[in-house]
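Commentary on secondary and tertiary structure
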Amino acid sequence: QVQLVESGGGLVQPGGSLRLSCAASGSLFSISAMGWYRQAPGKQRELVVEISSHGISNYVDSVKGRFTISRDNAKNTVYLQMNSLKSEDTAVYYCNNRGRIPFPWGQGTQVTVSS
């Protein structure tokens, strides 16, 4: 059973940066396409970016050029570098696989962009 632990969130001013990490236990991580999702207050969880097991990534338009996803399969970890943060990026961020059956969701990490 894969367990996911997200970290790295916090309070940051508009224009600032954060780097999120998602550590996964279990052997399925390295063969799984992974994604970062976010859920803002009162909204549904949405996919922000995904990365294949081989490192190919796709971004939603709202974060293109600002966010960068990467993964280290040796460390069972996926990262999200977030630059030029905006207030609308405020949300709880989660990672999970991109398959039909998600891993159990972690607790997420809160990102708050505010002056």
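Use the structure listed above.
Here is what the cut-offs are and how they apply
- Residues numbered from 1 in each chain as written.
- Predicted model: local features only at pLDDT ≥ 70, side-chain atom pairs only at ≥ 80, totals over all residues.
- Heavy atoms only, no water.
- Salt bridge = Lys/Arg side-chain N within 4 Å of Asp/Glu carboxyl O.
- Helix = DSSP H or I, 4+ residues; strand = E, 2+ residues; numbered from the N terminus.
- Buried < 20%, exposed > 50% of the residue type's maximum accessible area, 1.4 Å probe, protein only.
- Contact = heavy atoms within 4.5 Å.
- Polar contact = N/O pair within 3.5 Å; in protein donor to acceptor, adjacent residues only side chain to side chain.
- Core = buried A, V, L, I, M, F, W, Y, C linked by side-chain atoms within 4.5 Å.

For the rest of this paragraph, the subject is the pattern of salt bridges. Applying the stated criterion to the full structure yields five salt bridges. Ionic pairing is found between D89 and R38, a salt bridge with its closest N-O pair at 2.9 Å. Within this pair, whereas D89 is found in the loop between strand 8 (77-82) and strand 9 (91-97), its partner R38 is found in strand 4 (residues 34-39), the two being separated by 51 residues in sequence. Like R38, D89 is buried. For the salt bridge of R98 with E50, the shortest nitrogen-to-oxygen distance reads 2.6 Å. Taken as a pair, R98 in the loop between strand 9 and strand 10 (109-113) and E50 in strand 5 (residues 46-51) lie far apart in primary sequence, 48 residues in all. Note on E50: relative accessible area 22%, which makes it partly exposed.

Considering the arrangement of structural elements, one finds Q107 in the loop between strand 9 and strand 10. Accessibility expressed as a relative area gives 49% for Q107, which makes it partly exposed. Sequence separation between Q107 and N83 is 24 residues; the distance between their C-alpha atoms is 23 Å. Once residues lying within four places of it in the same chain are set aside, the contact partners of Q107 are L4, V5, E6, V92 and Y94. Among the polar contacts made by the side chain of Q107, one reaches the main-chain carbonyl oxygen of E6 at a distance of 2.9 Å.

What follows concerns the nonpolar core. If you look at the biggest cluster of nonpolar residues, it comprises 27 residues, and the most contacted ones within it are L4, W36, F67, V78, L80, M82 and Y93. Going through the elements one at a time, strand 3 (18-24), strand 4, strand 5, strand 7 (67-72), strand 8, strand 9 and strand 10 are the ones with two or more residues in this core. The element contributing the most residues to this core is strand 3, with four residues.

Attention now goes to unusual backbone geometry. The phi angle at N76 is positive, at roughly 50 degrees, despite the residue not being glycine. Mapped onto the fold, N76 is located in the loop between strand 7 and strand 8. In this structure N76 comes out as buried when scored by relative accessible area, which is 18%. Positive phi is not limited to glycine here, since S84 has a value of about 50 degrees.

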